[in-house]
Amino acid sequence: MRRVVTSALLLLVLGALVAWGVGGALGLSFAPVSVPVERAAAAPATPLVAAPAISVISVPAEPRLTLAAKAVADALVRRGLPAPAIGQEPAEGPGMPLRVVVGVAPFGSSLEAYRLGGDGTAITIEAAGVAGAATGLYAVADRIRSGSAVLPAPDLTGAPAVFAPRLGLRLTDAGSVGREPDPAAFAAGTDYSLNTDVVGGALRPAAPWVDQAAVARIDAQFRQFVEHSLAQGYNGVVVPGFLEYVTFALVGDGHAVYPAGDDHIARAQALVEAFGPVFRHAADLGMRVYLLTDMLAVSPPLERYLEREFGGLKVADPRFWQVYQLGLTELFQAMPFVSGLMVRIGEGGDVYRQPGWDYSSKLAVTGVDAVRAMLRALLGTAGTAGKDLIFRTWTVGVGAVGDLHTNPASYEEVLGGIDDPHLIVSTKYTLGDFYSHLPFNGTLETGTHRRIVEFQARREFEGFGALPNDLTGLHQQALRRFLAANPHVEGVWTWTQDGGPLRAGPMTLYLRTGFWQLYDLNAYTLGRLAHDPDAPAEQLTADWVRQTFSSDPATVAAVCEMLALSREAVTKGLYIGAYADHSVRALGLEPPPMMWIFEWDIATGDSAALTSIYAVTAASGAVDAAVAEGERAVEVAARMRALITATDPATWRDPVLRAKLLDTLTYEADLFGTLGAYRTMVLRHVQWLDTGSSAAYDAWRAAERRYESARDAHVTRYGGDVDLPAYNFTAADLGATRADRDPLMAWLARALFVLLLAALVAGAILRRPAALHALWTGATRPWRVAHLDAAVSGTDRFLVLAVPATALILSRLVYTWFAAPAHLVLTLGAWLLFALTARLLLGRRDPFHLWATIGGVALLRSLLLLAALAVRGPGHYWLEFWTAPTVRAVYICVAFAAFGWLFVATTLVLRDHYHLRRRHVTATLLLVAGTPLTLLGALVTAIGLERALTLWNDQLALLPWGLSRILGITVYLGIPPTLPAAATTTGALLTAAGTTLLLLRRRRFPTPAQ
């Protein structure tokens, strides 16, 4: 008896340790954060300043200046004036000349500085070099398009004004270059590929490797994008690519990586020959060209070479990086116009792979030593070639440098002491990804490195640019803060198209397809802010509106007011403020502030996200406020549409754009109405789970009816629309279906609990039926099972199996809302395999007492589960599991102890009733533990862990449904893909050990028959 008590106490201690471990992994914690306050304002209605009647533009014979002068001419034509002549010498005759003078003394340290002066008869731009003159011409063109005064107001001295961009490095991505509109793929909305390589459309599977017609098409797109970016004030472009242009001819004898005749060599040479001139065109126009790669970039032959030379991916060994140094040297030799290489280490894998080739990337550079070794090696190569190395700090959740992006201490640990003039560190402006409701990134205020700030114009998490979303004021706040805090900030990197999957969301391709103008606003104003961070944000927006939509003062004022409201609509319609304004930790991760819409456009229905959001919101006492936010978003969207509807169509430059904007605003109001109803439904449902309030229940049911109606209308109207795509409510509906069953499941759990408890009480008090008494004894006093009467009826033999089996099946059906057969296969399969293995090992012995013991423990486990489910169904169970650490710890402790009790009870009945020797008992325990582990582990291994977890999660709706569709559950949570194989191996070892013990017993202790 003492040993039994000791065993029970030990099980509780072990259960407490398991609960502590689970709590550490799953624990929810949150704290308020300082979120930037956005105070959007609309510029007042102001009349246009008359454009100067420039008749001729005199520029030196330089292609960059000719192109910039053409931008001025186009701006004049856009204002209704004749196109001026462009030449090297001023032409005689009427009109105002614009004269560009290159070669004057420098105006400070900036090569882009220029002096702008003139009077009512002539305008002059003076600069030390071509860069300054081109910058001045593009500025004049922008002022003409904006309806602003070209010449600044004179100062007290009357001297011409000198201008220079505040930031010297102003990068963009490659826009939509190389991407083609594919209505079928966009309409499906299921392609979550993240590869952004611009050359993929020109690839051929064999020699000559590239399609020249596709190269010409990509070249035209690239030229259009570069010229547009120059006009907006940018001076650099980042183009994906590295390994595909490298043959590793400098490694060893030239064929150490790729053998002679390997297709990788010919393909890389063909790509350099085809696309080198394409990218060089940007450099010829004054754009710095940077290539972008993930690290570790590999191909199968390269990986085999690294395995041979270094025994694997030894990324912390400086010698390992020599092959990449030689590859980078080759790249700089093949494309000498390239200004440098940009490197990212925080993402990678098959989702970034370009179809048609075998280059890929691995998340391998995850340690401090590895990062430092990589940077020192690549900087050595870049410095020798006079190039830059731009290192992105985006490393969220990966290895030892996982919080480099957000933690100043980690930043210093990883990058401190690497002081190289060729190193530029690039960081997102937010403390996380490109969401709203996030603090500014404090790591941009530290360090001694050259820094650039990353911004996203087409906000991937806020409708992929399909919604009006004027970020000018927010971007200005961020930029001014970083410049004030860190003198080493010298540039920006604007993502005009990049971020998120290529073909999810609307089919908008920057400058080419769809309503791309909406996010061109952010690209334009970022270019202006990089020149002058102190320019009034509302004036920059108004300038863009005049250039894009209308020059009519009333219409411009209405559009500006609409855009000033856009941030309130987005931040209230797509976020639950009380949750979003907190830094949250859960599942060992830091979830984003928009967790209820998981990764772009999927309204989630999982219990982990929704109960956590509710817990944070309820802790702030803001459930009602969160519901009201959704309603306010709809009101603001309606106001925005009313403003545009009231404008005179005749005042718009292009009536198609007005129609598109009205359609967009209708879509926005419809989307926010649907999401608002869904938000109310899930918050009120979880509130009912939490409190049992009848008012919350009624509000939940009313919101559910509104949601179902709104969802049906939204999907009917926008399903398959490639311009304004419907959001994905599959996961939401999975969660809602299970939520609907919570009340019924609670009543079923209560009924089952009462019946099972009554059965056990009857077994405790009465001796008949013998099956119930045996089950009671097996559950609570398994050491007494040996004293039970062996003579039992057939009915008792049936009941001793049927009662616990029915309890197990029904309790697990209730637990899974009658909707998760995958979970039943695992849990019931484990019980069944345990029981059958034990039964087989008894041979011809009467199994009644074994069934009584296993069945009794099964009843205890079922009662514990049903007690938890009886409160308010499985929904309440998961609410407590995710958000109530004390309740969760107690439950896990007792549940684990009950699980362990199964082995204690089985041991006692085998020893006391069946009189098995200790070796036989041990062998049996090893086999009953190993057999389920082996067979079920093998089943999951055969299915595949990711697929099995996806199936299980889809049915239980515990984690975001989109995880497996986008990132993968195993990748996101860091679950080793070898886990099922390890479980199978462990089970096989246990089974082998048990079998060995049995064989030893038979040899040493022969039976009388033998």
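Residues numbered from 1 in each chain as written. Predicted model: local features only at pLDDT ≥ 70, side-chain atom pairs only at ≥ 80, totals over all residues. Heavy atoms only, no water.

Participant: Lay out the overall build of the protein in plain terms, naming residues and giving numbers.
Facilitator: The secondary structure content of the protein amounts to 31 helices and 20 strands. Dimensions along the principal axes, computed over C-alpha positions, put the protein at roughly 125 × 75 × 45 Å. For the protein, the residues scored as buried account for 57% of the 1010 residues in total. Long-range contacts, defined here as pairs at least 24 residues apart, represent 78% of the contacts in the protein between residues at least 6 apart. Computed over 83 positive and 87 negative side-chain charges, the inter-centroid distance for the protein is 13 Å. (Helix = DSSP H or I, 4+ residues; strand = E, 2+ residues; numbered from the N terminus. Buried < 20%, exposed > 50% of the residue type's maximum accessible area, 1.4 Å probe, protein only. Contact = heavy atoms within 4.5 Å. Lys, Arg positive; Asp, Glu negative; His and termini not counted. Charge placed at Lys NZ, Arg CZ, Asp CG, Glu CD.)

Participant: Describe the packing of helix 13 (residues 537–548) against helix 14 (residues 553–573), listing the residues and the values that go with them.
Facilitator: Packing of helix 13 against helix 14 brings their axes to within 10 Å, and their N-to-C directions diverge by 125°. By the angle between their directions, the pair helix 13 and helix 14 is classed as oblique. As for the relative orientation of helix 13 and helix 14, their crossing is right-handed in sense. Residues Thr541, Ala542, Trp544, Val545 and Arg546 of helix 13 form the contact with helix 14, whose participating residues are Val556, Val559, Cys560 and Leu563. Partitioning the contact of helix 13 with helix 14 into residue classes produces seven nonpolar, one polar and one charged. (Axes fitted to C-alpha atoms, helices over the stretch in contact; angles between N-to-C directions. Parallel < 35°, antiparallel > 145°, perpendicular 65-115°, else oblique. Left-handed = near helix turned anticlockwise from the far one by under 90°. Nonpolar A, V, L, I, M, F, W, Y, C, P; charged D, E, K, R; others polar.)

Participant: Which residues make up the sheet that holds strand 4 (residues 96–102), and what are the values?
Facilitator: Strand order in the open sheet made by the six strands is 3-2-4-6-5-7, with mixed pairing throughout. The sheet is open, and its two edges are formed by strand 3 (85–87) and strand 7 (161–163), each paired on a single side. Strand-to-strand, the axes of this sheet are offset by a mean angle of 20°, without reference to chain direction. Looking at chain direction, strand 2 (residues 54–58) and strand 4 are connected through four bridges and run parallel. (Pairing = 2+ DSSP bridges.)

Participant: Lay out the UniProt feature "transmembrane region" (unreviewed entry) in the protein with the relevant residues and their values.
Facilitator: UniProt annotation of "transmembrane region" (unreviewed entry) refers to residues 744–766, 798–818, 824–842, 849–869, 889–910, 922–945 and 981–1000 when read in the numbering used here. For residues 798–818, the end-to-end C-alpha separation is 25 Å, with 86% helix and 0% strand making up the annotated structure. Segment residues 849–869 splits into 100% helix and 0% strand. End C-alpha atoms: 30 Å apart. (UniProt positions renumbered as here; feature names shortened; annotations may be inferred.)

Participant: How would you explain the environment of Val715 if you had to name every residue and give the values?
Facilitator: In this structure, Val715 sits in helix 19 (residues 694–718). Distance from Val715 to Leu756, taken between C-alpha atoms, is 46 Å for residues 41 residues apart in sequence. In this view, Val715 contacts Ala726 and Phe729; residues no more than four positions away in its chain are not counted.

Participant: Explain the environment of Tyr234 residue by residue, including any values.
Facilitator: Relative to the assigned elements, Tyr234 resides in the loop between helix 5 (212–231) and strand 9 (236–240). For Tyr234 and Thr430, which are 196 residues apart along the polypeptide, the C-alpha to C-alpha distance reads 22 Å. The contacts of Tyr234, once residues within four sequence positions are left out, are Arg170, Leu171, Thr172, Ser229, Met287, Thr494, Ala523, Leu526 and Gly527. Polar contacts involving the side chain of Tyr234 include one to the side chain of Thr494, which spans 3.1 Å. (Polar contact = N/O pair within 3.5 Å; in protein donor to acceptor, adjacent residues only side chain to side chain.)

Participant: Account for a positive patch on the surface, naming residues and giving values.
Facilitator: Together, Arg767, Arg768, Arg781 and Arg784 line one region of the surface with positive charge. Tracing the backbone through its elements, the reader meets Arg784 in the loop between helix 21 (770–780) and helix 22 (794–815). Overall, Arg784 belongs to the partly exposed group, its relative accessible area being 38%. (Patch = residues over 30% accessible without salt bridge, like charges linked within 9 Å, V, L, I, M, F, W, Y side chains within 5 Å. Areas by Shrake-Rupley, 256 points an atom, 1.4 Å probe, with all protein chains shown as cover. Salt bridge = Lys/Arg side-chain N within 4 Å of Asp/Glu carboxyl O.)

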